[in-house]
Amino acid sequence: MRHSNNWQRLLLFGLSGPIIALNIWLISQVFRYFEHLITILTIAAILAFLLNYAVQTLQRFRINRTRAVVIVLLTTLTLFVILGVTLVPSVITQTTELFKQIPEWLKASNENFNKLDDWVAARRLPIDLKIFRDRINSTIEAQVQNAATQAVGWAGILVAGLLDSLLVLVLTFYILLYGDRLWQGIINLLPVQIGLPLTQSLRLNFQNFFISQILLGLFMAGTLTPIFLALRVEFALLFALLIGFAELIPFIGATLGIGIVTILVMLQNFGLAIQVAIACVIMQQIKDNLLAPKLMGDFIGLNPILIFVSLLVGGQIAGLLGIIISVPIAGTIKGTIDNIRQLRSSPEIATQPPVDNRFDI
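Position numbers for residues count from 1 along each chain, tracking the sequence in the order it is written. Per-residue local features are limited, in this predicted model, to residues with pLDDT of at least 70; the limit for side-chain atom pairs, both in listing and counting, is 80 or more; totals at the level of whole chains, interfaces and linings are taken over all residues. Side-chain calculation: all heavy atoms of the structure are included, whereas hydrogens and water are not.

(A) Inspection of the pattern of salt bridges at higher detail. Here a salt bridge means any side-chain nitrogen of Lys or Arg lying within 4 Å of a carboxyl oxygen belonging to Asp or Glu. Counted according to the given criterion, the structure contains 2 salt bridges. Glu 247 is paired through a salt bridge with Lys 287; the nearest N and O atoms lie 3.0 Å apart. With a gap of 40 residues between them, Glu 247 in the loop between α7 (236-246) and α8 (253-268) and Lys 287 in helix α9 (residues 270-296) connect regions that are remote in the sequence. Here Asp 288 makes a salt bridge to Lys 287, at a shortest N to O gap of 3.0 Å. For the purposes of this entry, the term helix denotes a DSSP run of H or I that reaches at least four residues, the term strand denotes a run of E that reaches at least two, and both are numbered from the N terminus.

Right, here's the structure in full:
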């Protein structure tokens, strides 16, 4: 009997791998076909997640939900317009200047590399810096040429982006108003033992996660901007915003952004790059050790290996969007399974009716 059970388990594990791989491939194909639609819906749902806190706060002051949604959306739109008028032009200007100066930085870096290579050769050290230099230069030049090619169509991209933003805003409005009904209809199709844990885990891993990531990103951008200005780093605002935006990528985003900024600064001034790296690492340690535990806690609870696997799978399926939402999705799956196990161990909890949270998607 035990021998038969072992074979059944081996057969189950053997078949589960190809089935999971096939499902991932099917999901990637569906995403590529409906990529634009899924992206807009996902952004609208995440935005509704975040704004729902403000809507619920207004409802506590006896403001009905429709008026609260309108007030929150108008306030959000006003903030975006203010940022678009004040911040975006500076970022665009600095980005354009950065692309213009990168070729000059590459020439200066080549001279520095040649001097360093001569110093290494004079001491007969077994280090070949030319391969490292050529690889960095070719990678940066390829990215600059790609960005310059895309910049030709920036006007069309801007118009399309404005239309997509309007569509996201409209979808966010309707999700905030009627999302609870849609989600409740989906949950009603599932058993109570699954629907309630899924609702709780989804809200915890998505709503709290993205709010925490945005706050941490604002912290990095807000603290690094004056530091870069004090260090007289060229394109200080652009570099600080780059690191702050990279914070949206779970767990590795800030490190990735710091690495990119350090390399760009290194092309023009090696000593300044070291100062920039030290300042960024200090702020990152403050964020990771003081702010992140209080904001995020341990509500995801994923093994680091599973986190990186989730990032790779998400990137393979949906690119940058997949990387950003992969960890909350993985956390939702794990949290749902854990909650189902707890409900099974406590039958009296499973019989309790679901809490009316008005909006859970």
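Now that the structure has been shown, we can carry on.
(B) Spotlight on the nonpolar core. Throughout, nonpolar core names a set of buried Ala, Val, Leu, Ile, Met, Phe, Trp, Tyr and Cys residues whose side chains join them through atoms within 4.5 Å. Relative accessibility decides the category of a residue: with a 1.4 Å probe and only protein chains considered, values under 20% of the type maximum give buried, values over 50% give exposed, and everything between is partly exposed. Formed by 24 residues in total, the largest nonpolar core has its most connected members in Leu 98, Leu 224, Phe 228, Phe 239, Ile 243, Val 265 and Val 276. If you list the elements that add at least two residues to this core, you get α3 (65-122), α6 (192-230), α7, α8 and α9. By definition in these notes, contact holds between two residues if any of their heavy atoms fall within 4.5 Å. Setting aside residues no more than four positions away along its own chain, Leu 224 makes contact with Ala 240, Ile 243, Ala 279, Cys 280 and Met 283. Of all hydrophobic cores here, the second largest spans 18 residues; its members include Phe 31, Ile 187, Ile 317 and Leu 321.

(C) Spatial organisation of unusual backbone geometry. Although it is not a glycine, Arg 232 adopts a positive phi angle of roughly 60°. Structurally, Arg 232 can be placed in the loop between α6 and α7. Although it is not a glycine, Phe 235 sits at a positive phi angle of roughly 60°. Assignment of secondary structure puts Phe 235 in the loop between α6 and α7. What makes Phe 235 buried here is its relative accessible area of 8%.

(D) Representation of helix α2 (residues 35-59) within the structure. The span you would expect from a helix comes to 1.5 Å times its residue count less one. Relative to the 36 Å expected for 25 residues at 1.5 Å per residue, α2 spans 35 Å between its end C-alpha atoms, a close match to the ideal helical length. Leu 51 marks the point of greatest bend in α2, at about 35°. Of all the residues in α2, the buried ones are Ile 40, Thr 42, Ala 44, Ile 46, Leu 47, Ala 48, Phe 49, Leu 50, Leu 51, Asn 52 and Val 55. Throughout, bend refers to the angle between the axes fitted to the seven residues that end at a position and the seven residues that start at it.

(E) Examining the UniProt feature "transmembrane region" (unreviewed entry) in the protein chain more closely. UniProt positions are given in the numbering used here, feature names are shortened, and annotations may be inferred rather than shown by experiment. Here, UniProt's "transmembrane region" (unreviewed entry) annotation points to residues 12-31, 37-55, 67-92, 154-177, 209-229, 235-256, 263-286 and 306-331. In residues 67-92, helix accounts for 100% and strand for 0%; the two terminal C-alpha atoms are 36 Å from one another. The span residues 306-331 carries 100% helix and 0% strand; its end-to-end C-alpha distance comes to 10 Å.

(F) Looking closely at the packing of aromatic side chains. Only Phe, Tyr and Trp rings take part, Trp by its six-membered ring, and two of them pair if their centres are within 6.5 Å. Stacked means planes under 30 degrees apart, edge-to-face means over 60, and tilted covers everything else. If you walk through the whole model with that rule in mind, you get 5 aromatic pairs. Taking the centre distance of 4.7 Å and the plane angle of 80° together, the rings of Tyr 33 and Phe 34 count as edge-to-face. For the pair Phe 173 and Tyr 174, a centre-to-centre distance of 5.3 Å together with 80° between the ring planes defines the contact as edge-to-face. Residue Phe 173 is classed as partly exposed on the basis of its relative accessible area, which comes to 22%. The exposure class of Tyr 174 is partly exposed, given its relative accessible area of 46%.

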